[in-house]
Amino acid sequence: MAEILNKELIQNPRLWRLELRIERSILHVLLFNSIEDNSLIYRKIELDESQPSHLKALENAIYENPLLLSDFDRIDCVIDTNTFVVIPAEINDESLRQQILETSFPEFKGEMIVCELNNVGASILMGVESDVLRFLRRTFNNPRLHHHLAPLTQYFFHKSKLGNNAKMYAVLRKQHIDLFAFADRALKLANTFTYRDPLDAVYYILSCRKQLQMSPTNDELFITGSTTTRETITPILRKHLSFVMPVIFPSEMFKAGKEAMKAPFDLIVLPLCE
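Rules of the game
- Each chain carries its own residue numbering, running from 1 in the written order of its sequence.
- Only residues with pLDDT of at least 70 are given local features in this predicted model, and only at 80 or more are side-chain atom pairs given and counted; all residues enter the totals for whole chains, interfaces and linings.
- With hydrogens and water set aside, each side-chain value is computed from the structure's full complement of heavy atoms.
- Here the nonpolar core consists of buried residues drawn from Ala, Val, Leu, Ile, Met, Phe, Trp, Tyr and Cys, with membership extended through side-chain atoms lying within 4.5 Å.
- Burial here depends on accessible area, computed with a 1.4 Å probe over protein chains only, as a share of the maximum for the residue type. Under 20% is buried, over 50% is exposed, and the range in between is partly exposed.
- Under the DSSP-based scheme used, a helix requires at least four consecutive residues in state H or I and a strand at least two consecutive residues in state E, with every element numbered from the N terminus.
- Here, a strand pair is defined by DSSP locating no fewer than two bridges between the strands.
- Throughout, an axis means a line fitted to C-alpha atoms (over the contacting stretch in the case of helices), and angles, computed between N-to-C directions, take values from 0 to 180 degrees.
- Whether two residues touch is decided by their heavy atoms; if any such pair falls within 4.5 Å, the residues are in contact.
- Should an angle fall under 35 degrees it is called roughly parallel, over 145 degrees roughly antiparallel, and 65 to 115 degrees roughly perpendicular, with every other angle called oblique.
- It is the rotation of the near helix from the far one that decides the hand of a crossing: anticlockwise by less than a right angle makes it left-handed, clockwise makes it right-handed.
- Surface patches are drawn from residues lacking salt bridges whose relative accessible area is over 30%; two like charges belong together within 9 Å, two nonpolar side chains (Val, Leu, Ile, Met, Phe, Trp, Tyr) within 5 Å.
- Method for areas: the Shrake-Rupley scheme with a 1.4 Å probe, in which residue coverage is limited to the protein chains shown.
- Put simply, a salt bridge is a Lys or Arg side-chain nitrogen that is within 4 Å of an Asp or Glu carboxyl oxygen.
- Charge assignment in this entry is limited to Lys and Arg as positive and Asp and Glu as negative, and neither His nor the chain termini are counted.
- Lys charges are placed at NZ, Arg charges at CZ, Asp charges at CG and Glu charges at CD.

Draft legend 1. Highlighting the nonpolar core. Ranked by internal contacts, the top residues of the largest apolar core, which has 55 residues, are Leu18, Leu27, Val29, Leu31, Leu136, Phe156 and Phe180. With 6 residues, the single largest contributor to this core is helix α4 (residues 149-160).

In structure tokens, the structure reads:
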């Protein structure tokens, strides 16, 4: 069980940022003071799946950690959901965006959140359950909502502009892989795939590269996330691709605190995408 986050842990919350990553069974918490090195606090809180709903489990996890209810300088909520569509930024009509999301997920009855990917030329339309949204908005002061692919897309887009080769980035999580591809200073792919065996992750990487006509000799692949899976698939990928390298951990966030190494990568790069 994760250690309770009590209010005594932080002297002045107004100097701190709170980042939450909301999954179906886990709540990730990241707190840091942007003007104080080695201040970062990370917690992984298991949600009680015996509760009658995801909302109730989320409510309990937050109320049981009083520090989360403090008056922070900024609050960001990253939501991991498969209810999303990546669209060109040129599609900016609200009703058309709503129609695209509803057509893609006809059974979804929640609300649409638009994540604008600044300078990338794309937006993510995200569907979030209405009761979860109401809870977040009444519990936190002006929380900023993000699909989990949004900060990753922005961060990797910036990194992809170094050099002339096309680049793919893979973020490995438990049974999920987030894939991003960029070429000619444009986003070509941002998607999440589910896998059970690490070889499935290899398949998704190679299959997406083939569909995008990426060169196995010239175009680059960078990998981060689950150490175990990464160590398993990297030697296999190197049999097919000339350039397979780990993503360099952001030095700015390492300075914030070593616990950053344990946190999901989207929470780590979120402060770097503003």
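Next comes the rest of the account.
Draft legend 2. Here's a closer look at the sheet that holds strand β2 (residues 26-33). Across the sheet, which stays open at both edges, the 5 strands sit in the order β3-β2-β1-β4-β8 with mixed pairing between neighbours. Each edge of the sheet is formed by a strand with only one pairing partner; in this case those strands are β3 (41-46) and β8 (144-147). The mean angle between the axes of side-by-side strands here comes to 15 degrees, regardless of whether they run parallel or antiparallel. Bridging between strand β1 (residues 16-22) and β2 involves 7 bridges; their strand directions are antiparallel. Across the sheet, Leu18 pairs through a bridge with Leu31, a residue of β2. Along the sheet face, helix α3 (residues 130-139) touches β1, β4 (74-79) and β8 and points at about 140 degrees away from the line of β8.

Draft legend 3. Molecular detail of the packing of helix α5 (residues 198-211) against helix α6 (residues 227-237). Interaxial distance between α5 and α6 falls to 9 Å at its minimum, and their mutual angle equals 50 degrees. As far as their axial angle goes, α6 and α5 are oblique. α5 and α6 meet at a crossing whose hand is right-handed. Listed contacts from α6 to Pro198, Leu199, Val202, Ile205 and Leu206 of α5 are Thr229, Thr232, Ile233, Ile236 and Leu237.

Draft legend 4. Highlighting a negative patch on the surface. Where like charges cluster on the molecular surface, the negative patch consists of Glu46, Asp48, Glu49 and Glu64. The residue Glu64 is located in the loop between α1 (54-63) and β4 in this model.

Draft legend 5. Expanded view of the sheet that holds strand β5 (residues 84-88). Strand order in the open sheet made by the 3 strands is β5-β7-β6, with antiparallel pairing throughout. Looking at strand neighbours, the two that pair on one side only are β5 and β6 (111-117), the edges of this open sheet. Within the sheet, the average angular offset between the axes of one strand and its neighbour, ignoring direction, is 25 degrees. In the sheet, β6 pairs with strand β7 (residues 122-128) via 7 bridges, with the strands oriented antiparallel. Looking at the pairing, Glu116 lines up with Ser123 of β7. Contacts between α3 and the sheet are confined to β6 and β7, with β6 contributing the most and set at about 65 degrees to the helix.

Draft legend 6. Spotlight on the pairing of β1. The element β1 is extensively covered by neighbouring structure, given that 7 of its 7 residues are classed as buried. Counted between consecutive antiparallel strands, the loop separating β1 from β2 contains 3 residues. With 6 bridges connecting them, β1 and β4 associate as parallel partners. Bridging from a neighbouring strand, Ile22 pairs with Ile79 of β4.

Draft legend 7. Quick peek at α1. Of all the 10 residues making up α1, 8 are buried; the element is thus mostly covered by neighbouring parts of the structure. Along α1, the positions that sit buried rather than exposed are His54, Leu55, Ala57, Leu58, Glu59, Asn60, Ala61 and Ile62. Close packing links the buried residues of α1 with β1, β2, β3 and α3.

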